[in-house]
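For reference, the chains in residue letters:
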Amino acid sequence: MKRAGHVAVCGLNLPVKLGTEEDFAGLKGAYGCFDPDTGTIWLDENIPPHVKPFWTVHEVLHAVLLHSGALYVTASIFGCEREDPRLDRWEEAIVRILTPHLLETWGKVTVS
């Protein structure tokens with residue numbers, strides 16, 4: 001595992017780490033993962049350079065939805081608990097829809 005830096009999300013300075021599924025199980029079969037328990041964005045250390053910007057933005061969006069309160073507001077509107085698997089599916093769908101548009105509009109996320 002290697003620390004790649006930090007990224008600013010909703011007033012927080014979240015760590016970004018590079019690793020493998022041995023470092024963080026959420027990376028199994030994925031280029032990236034956001035760990036809400038630690039506020040860490042994980043990227044596969046072998047991620048191809050041409051897709052790294054996309055997956056970095058994708059994981060930052062997961063962090064934005066959580067730390068902005070948008071997930072809790074959405075759960076309230078849907079009348080479900082945050083732990084409801086339907087909310088996880090909604091979150092992933094919204095993140096996948098928004099990622100290419102945000103990347104095109106604002107460009108790559110700066111990890112410093």
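Every value quoted in this text rests on a predicted model; they were computed, and no experiment measured them. (Residues numbered from 1 in each chain as written. Predicted model: local features only at pLDDT ≥ 70, side-chain atom pairs only at ≥ 80, totals over all residues. Heavy atoms only, no water.)

As a further point, take the sheet that holds strand 3 (residues 32-35). The strands that make up a sheet are held in pairs by hydrogen bonds between backbone atoms, and each pair lies either parallel or antiparallel. Read across the open sheet, the four strands follow the order 1-2-4-3; overall the sheet is mixed. Each end of this open sheet is capped by a strand with a single partner; those strands are strand 1 (2-9) and strand 3. Taken pair by pair, the neighbouring strands of this sheet meet at an average axis angle of 25 degrees, ignoring direction. For strand 2 (residues 12-19) and strand 4 (residues 40-44), the ladder comprises four bridges, and the chain directions are parallel. Each residue of the ladder has a partner; that of Lys 17, found in strand 4, is Trp 42. Strands strand 1, strand 2, strand 3 and strand 4 of the sheet are contacted by helix 1 (residues 52-67), whose axis makes an angle of about 20 degrees with strand 3. (Pairing = 2+ DSSP bridges. Helix = DSSP H or I, 4+ residues; strand = E, 2+ residues; numbered from the N terminus. Axes fitted to C-alpha atoms, helices over the stretch in contact; angles between N-to-C directions. Contact = heavy atoms within 4.5 Å.)

One recurring pattern in soluble globular proteins: nonpolar side chains tend to sit buried together. Among the nonpolar cores identified, the biggest contains 16 residues, and Val 7, Val 9, Leu 14, Phe 34 and Ile 41 are the most heavily contacted of them. Looking at this core, the element that brings in the most residues is helix 1, giving six residues. Once residues within four sequence positions are removed from consideration, Phe 34 is found in contact with Leu 14, Gly 39, Thr 40, Ile 41, Glu 59, His 62, Ala 63, Leu 66 and His 67. (Core = buried A, V, L, I, M, F, W, Y, C linked by side-chain atoms within 4.5 Å. Buried < 20%, exposed > 50% of the residue type's maximum accessible area, 1.4 Å probe, protein only.)

The subject of this paragraph is the confidence of the model for the protein. Taken as a whole, the protein shows an average pLDDT of 96; of its residues, 100% reach a score of 70 or greater. Of all helices and strands in the protein, the one with the weakest mean pLDDT is strand 1 (94), whereas strand 4 scores best (98). (pLDDT = per-residue confidence, 0-100.)

Positive phi outside glycine occurs at Cys 10, with the angle close to 50 degrees. For Cys 10, the position within the fold is in the loop between strand 1 and strand 2.

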